[in-house]
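Structural description and commentary
Chain by chain, the residues run as shown.
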Amino acid sequence: MPSRKTLAWASVAVVGALSFWGWSVAPDRLGTWLFTAGFPPALWAFVEVAQAGDRARERAAILDWYRTCVAWIGLMFLASLGPRLAIAVGALDPGWRPLLRQAWWLAFGISMSVWGNLLPKLMSPWQAEDEPFDWQRVHRFVGWVFTLGGFGVVLAWLALPPQSAKTASTAVVAAAAVLGVGRKLVSLASPGRGSDVPPATRGGSR
Amino acid sequence: MSSVFRALADPTRRRVLQLLRERPLTAGELAESFPLSKATMSGHFAVLREADLVDADKKGTTITYRLKISVLEDALLGFADSFGFERRRRHRRPIPPDGAIEKA
């Protein structure tokens, strides 16, 4: 099994190559290809820089987790764009399109649920030291929202006709994102709510 | 997963998790909330740590526990609190008095 770092590098390289291919097939959509090529490495770079801290054990575990996420995002890009480009250049029969789209959304829904389920278990080093508990509450809330949202996406693509399923799952993903960001903004707007400072440092000795 | 079920099967450990849901607590603070010896509480903390349901941060002589629970484990905790899935204890039958068996 290759290391998570290798997987993340492979993912960035594959998505970059895919974007270059896409640009050669549809040069008028340069913005799309630049975004596709740039998103996984930008996310990875942000995480690597943001995770500076002296809690080495947590840092290593969390970086591995995020590298897995980068690799997974690359795989989702590959699964989404690869067939489309193959159809565009005539390498794949267009009749496969609906089945591939359904499979992609099902994989997306499952990964959304898995990610949501594990999110409350994560505690970044800077979160642990700066604002340990409110982050965890936000993660717990967002975890529930994404887990249930992922189930919703899977159910929609199993039970509804494709057009309705696409509308419903796009609405679910958008609602989950809005709720997650909204919850964090509420948390930022009310500092000191709850107990962001660990009890051991709150004064008084035990 | 069996370690998670084992951890959630005990009402004291579930109560510890519910307390940690409010905020991180030190081992001393948690122990004060229960009429149990420190050794017993340490055993409960060990089971929770083994199941990866709590994170222990040791600074000096103080250990601070923080909840570390996935959505699925959170749902199991809620389910166990609502319906209870304590392990069935084996109750010994009372020993019949002398001669009771012969009379029967």
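Our subject in this report is the structure included herewith. No experiment lies behind these values; they were computed from the predicted model shown. (Residues numbered from 1 in each chain as written. Chains lettered and ligands numbered in written order. Predicted model: local features only at pLDDT ≥ 70, side-chain atom pairs only at ≥ 80, totals over all residues. Heavy atoms only, no water.)

Description of the overall build of chain B
How we decide: Runs of H or I in DSSP of at least four residues are treated as helices and runs of E of at least two as strands, each being numbered from the N terminus. Per-residue accessibility, obtained with a 1.4 Å probe over protein chains only, is compared with the maximum for each type, and a residue is labelled buried under 20%, exposed over 50%, and partly exposed between these values. Areas reported as accessible are Shrake-Rupley estimates using a 1.4 Å probe. Residue values count occlusion only from the protein chains shown.
Counting secondary structure elements, chain B contains 6 helices and 3 strands. When the helices and strands of chain B are read in sequence order from the N terminus, they spell out α-α-β-α-α-β-β-α-α. The buried share among the 104 residues of chain B stands at 39%. If you sum the accessible surface of chain B, you get close to 6700 Å²; carbon and sulfur atoms cover 52% of it.

Considerations on the overall build of chain A
Counted only if it meets this: The contact criterion used throughout is that any non-hydrogen atoms of two residues lie within 4.5 Å.
Helix and strand content of chain A: 7 helices and 0 strands. For chain A, the α and β elements follow one another from N to C terminus as α-α-α-α-α-α-α. The 206 residues of chain A split such that 39% are buried. Look at the contacts in chain A between residues 6 or more apart in sequence, and 70% of them connect residues 24 or more apart. Accessible surface, chain A: about 11200 Å² in total, of which carbon and sulfur atoms supply 72%.

Quick word on the side chain of histidine 44 of chain B
Residues and elements named next belong to chain B. Here histidine 44 is to be found in helix α4 (residues 38-50). For histidine 44, a relative accessible area of 10% gives the class buried. Ignoring any residue separated from it by four or fewer positions in sequence, one finds histidine 44 in contact with Asp10, Thr12, Arg13 and Leu36.

A closer look at the environment of cysteine 69 of chain A
Secondary-structure assignment places cysteine 69 of chain A in helix α3 (residues 56-88). Between the alpha carbons of cysteine 69 of chain A and tryptophan 135 of chain A there is a distance of 20 Å; along the sequence they are 66 residues apart.

Notes on the sheet that holds strand β3 (residues 62-67) of chain B
Residue and element names in this part refer to chain B. The criterion, for reference: A pair of strands is labelled paired if DSSP reports no fewer than 2 bridges between them. The angle between two axes is taken between their N-to-C directions and runs from 0 to 180 degrees, where each axis is a line fitted to C-alpha atoms and a helix contributes only its stretch in contact.
Reading across the sheet, the 3 strands line up as β1-β3-β2 and stay open at both edges, with antiparallel pairing between neighbours. In this open sheet, the two strands that pair with only one neighbour each are β1 (25-26) and β2 (54-59). For β2 and β3, the ladder comprises 6 bridges, and the chain directions are antiparallel. Bridging from a neighbouring strand, lysine 59 pairs with threonine 62 of β3. Here helix α2 (residues 11-22) sits on the sheet and contacts β1, β2 and β3; the angle it forms with β3, its principal contact strand, is near 90°.

A few points about the packing of aromatic side chains
Residues and elements named next belong to chain A. Quick note on the threshold: Ring pairs shown here join Phe, Tyr and Trp side chains whose ring centres sit within 6.5 Å, with only the six-membered ring taken for Trp; geometry is labelled stacked below 30 degrees between planes, edge-to-face above 60, and tilted in between.
Enumeration according to the criterion identifies 10 aromatic pairs over all chains in this entry. Where phenylalanine 20 meets tryptophan 23, the ring centres are 5.9 Å apart and the plane angle is 55°; that geometry is what we call tilted. With phenylalanine 20 and tryptophan 23 both in helix α1 (residues 4-25) and 3 residues apart, the pair spans about one turn of that helix. Here phenylalanine 20 falls in the exposed class, since its relative accessible area comes to 55%. Arranged with centres 5.3 Å apart and planes meeting at 15°, the rings of tryptophan 104 and phenylalanine 108 form a pair that is stacked. Taken as a pair, tryptophan 104 and phenylalanine 108 lie in helix α4 (residues 97-118) at a separation of 4 residues, close to a single helical turn. Members of the aromatic cluster, joined through ring pairs, are Trp104, Trp105, Phe108 and Trp157.

Points about the pattern of salt bridges
Going by this rule: By definition, a salt bridge exists where a carboxyl oxygen of Asp or Glu is found within 4 Å of a side-chain nitrogen of Lys or Arg.
Inspection of every chain in the model, using the stated rule, returns 10 salt bridges over all chains. Close ionic contact of lysine 121 of chain A with aspartate 52 of chain B constitutes a salt bridge, the shortest N to O distance being 3.7 Å. Taken as a pair, lysine 121 of chain A in the loop between α4 and α5 (125-130) and aspartate 52 of chain B in the loop between α4 and β2 lie in two separate chains rather than in one. Taking relative accessible area as the criterion, lysine 121 of chain A reaches 17% and is therefore assigned buried. The structure contains a network of salt bridges with shared partners spanning Lys121 of chain A together with Asp52, Lys68 and Glu73 of chain B.

Geometric values such as these leave the question of function open.
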